[in-house]
Amino acid sequence: MHKLSAVVLLSAALGASVIHAQTAPAATTRSIKAIQPGLFEVAGPRVGEALAAGITKIVAQPGKGTKSIYVESPWGPIYFDWPKDVKPVAFTIETGKDGGKAAEISAPGFTDGNKGDYKAALDAVIPMSISKAAAQKAGKTKY
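For every chain, the first residue of the written sequence is number 1, and numbering continues from 1 along that sequence. Residues qualify for local features only when their pLDDT is at least 70, as the model is predicted, and side-chain atom pairs are given and counted only at 80 or more; totals for whole chains, interfaces and linings, by contrast, use all residues. Only hydrogens and water are set aside; all other atoms, that is, all heavy atoms of the structure, feed into the side-chain values.

**Comments concerning the environment of Ala34**
- Strands are runs of DSSP state E lasting at least 2 residues, helices are runs of H or I lasting at least 4, and numbering of each runs from the N terminus. Inspection of the secondary structure assignment puts Ala34 in strand E1 (residues 31–34).
- For the exposure calls, accessible area comes from a 1.4 Å probe over protein chains only, and a residue counts as buried if that area is under 20% of its type's maximum, exposed if over 50%, partly exposed in between. On the basis of relative accessible area, Ala34 is assigned to the partly exposed category, the value being 21%.
- For Ala34 and Val47, which are 13 residues apart along the polypeptide, the C-alpha to C-alpha distance reads 9.8 Å.
- The contact partners of Ala34, leaving out residues within four places of it in the chain, are Leu39, Phe40 and Ile105. In this description, contact between two residues means that some pair of their heavy atoms is separated by no more than 4.5 Å.

See the structure below:
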């Protein structure tokens with residue numbers, strides 16, 4: 001009986017040490033590259049959100065109506081118009097780089113003078129894109 005208790009106690013002790021020796025998975029490293037100087041400071045956090053949500057591309061163009069904003073997600077394409085009260089500005093975000101760990105944003109018209117317009121556009125368009133992609137995913141994975 002004492003031998004059985006010793007084996008159980010030893011097994012429990014060894015099991016506990018194995019549990020404590022396990023490490024958490026490494027955090028995913030993501031990189032974001034902004035083509036125009038100063039654009040990263042305006043767009044970086046929002047682009048990171050799009051990358052984390054699985055969106056592979058956002059193309060925003062003024063003057064295209066209900067197809068002004070194009071979003072590629074793993075669940076298909078999405079088109080929508082500019083959010084109300086947001087000045088349309090052109091930009092492209094591609095997040096499929098480096099196996100989905102990197103993103104690039106380009107906004108050829110970006111300057112220090114219109115930095116606020118770009119920030120407002122990104123702050124409106126990216127969350128809307130994420131929301132629409134999540135709804136699309138829910139619709140396609142319902143069954």
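**Overview of the packing of aromatic side chains**
- Put simply, two rings from Phe, Tyr or Trp (the six-membered ring, in Trp's case) pair if the centres are within 6.5 Å, and we call them stacked under 30 degrees between planes, edge-to-face over 60, tilted for the rest. Per the counting criterion, the structure on display carries three aromatic pairs.
- Seen from their ring centres, Tyr70 and Tyr79 are 5.1 Å apart, and the 45 degrees between their planes marks the pair as tilted.
- Overall, Tyr79 belongs to the partly exposed group, its relative accessible area being 42%.
- Over a ring means this: the NZ of a Lys or the CZ of an Arg is within 6 Å of the ring centre and within 35 degrees of the ring normal. The positively charged end of Lys67 is found above the aromatic ring belonging to Tyr79, 4.5 Å away from the centroid.

**Considerations on the pattern of salt bridges**
- Salt bridge, as used here: a side-chain nitrogen of Lys or Arg that lies within 4 Å of a carboxyl oxygen of Asp or Glu. Inspection of the entire model under this criterion finds five salt bridges.
- In this structure, the salt-bridge partner of Asp123 is Lys119, at a minimum N-O distance of 2.9 Å. Remark: Lys119 and Asp123 occur in helix H3 (residues 115–140); sequence separation between them is four residues, near one turn of the helix.
- Residue classification places Lys119 among the partly exposed residues on the basis of a relative accessible area of 41%.

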